[in-house]
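Each chain is listed here by its residues.
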Amino acid sequence: AEKAGLTLSKIEKLGLLSTAENLGALSLLESAFEKDGATVASYSIPFFLLALATLVLIPDDNALELVGQYGLAGVFFAIFTTLFVGGFVIKSLQEDD
C-alpha cells in the first residue's frame, strides 16, 4: 500500500480515521479481532442458509421477483463470504502472535 502512495499520514490528513472512529468501525474491528477466527467464520452459516432459502422459497414467476430473489441472495452471499473469509484472516493474524 505504501508503494501505491497510501500512508498512514495521508489517511489521517483525509480524515478517514476520525470518520471510521465516529462510525464505530474501529471498535467493531477491535472486538472482531478479540474473538476466535472460527467463531467469526461460524457467524457466516446463517447467511449462507438464508441465501439458499431465498433462492428456493421466493418464486421467480416474473422479472421483479427474479431480480428480488437474486438481489437478496447476492446480499446474503456477500455477507457470508465476508464473514467466512474474515474468520480465516483473523485466525491467521492471531496465529502470528
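The preceding data block contains the structure.
Below or above, wherever it landed, is the structure these notes cover. (Residues numbered from 1 in each chain as written. Predicted model: local features only at pLDDT ≥ 70, side-chain atom pairs only at ≥ 80, totals over all residues. Heavy atoms only, no water.)

## Side note on the overall build of the protein chain
- Scanning the protein chain from terminus to terminus reveals 6 helices and 0 strands.
- Ordered by position in the sequence, the α and β elements of the protein chain form the string α-α-α-α-α-α.
- The C-alpha atoms of the protein chain give 18 Å as radius of gyration, which overshoots the globular expectation for 97 residues (13 Å, by more than 25%).
- The principal-axis extents of the C-alpha atoms in the protein chain amount to approximately 55 × 30 × 25 Å.
- In the protein chain, of all internal contacts separated by at least 6 residues, the share reaching a separation of at least 24 is 62%.
- Of the accessible surface of the protein chain, which amounts to about 7300 Å², a share of 69% is contributed by carbon and sulfur atoms.
- Charged side chains in the protein chain number 5 positive and 12 negative. The centres of these two groups are separated by 13 Å. (Helix = DSSP H or I, 4+ residues; strand = E, 2+ residues; numbered from the N terminus. Rg over C-alpha atoms; globule rule 2.2 N^0.38 Å. Contact = heavy atoms within 4.5 Å. Areas by Shrake-Rupley, 256 points an atom, 1.4 Å probe, with all protein chains shown as cover. Lys, Arg positive; Asp, Glu negative; His and termini not counted. Charge placed at Lys NZ, Arg CZ, Asp CG, Glu CD.)

## So, the side chain of T54
- Relative to the elements of secondary structure, T54 occurs in helix 5 (residues 45-57).
- One polar contact links the side chain of T54 to the main-chain carbonyl oxygen of L50, over a distance of 2.7 Å.
- Residues contacting T54, with those up to four places away along its chain left out, are Q69, L72, A73 and F76. (Polar contact = N/O pair within 3.5 Å; in protein donor to acceptor, adjacent residues only side chain to side chain.)

## Observations regarding the packing of aromatic side chains
- Scanning the entire structure with this criterion turns up 4 aromatic pairs.
- Relative to F84, the ring of F80 lies with its centre 5.5 Å away and its plane at 25 degrees, an arrangement referred to as stacked. Of this pair, F80 and F84 both sit in helix 6 (residues 63-96), 4 residues apart, which is roughly one turn of the helix.
- Taken together, a centroid distance of 5.1 Å and an interplanar angle of 70 degrees make the contact between F84 and F88 edge-to-face. Of this pair, F84 and F88 are both found in helix 6, 4 residues apart, which corresponds to roughly one turn of the helix.
- With relative accessibility at 36%, the residue F84 sits in the partly exposed group. (Phe/Tyr/Trp six-rings, centres within 6.5 Å; stacked < 30°, edge-to-face > 60°. Buried < 20%, exposed > 50% of the residue type's maximum accessible area, 1.4 Å probe, protein only.)

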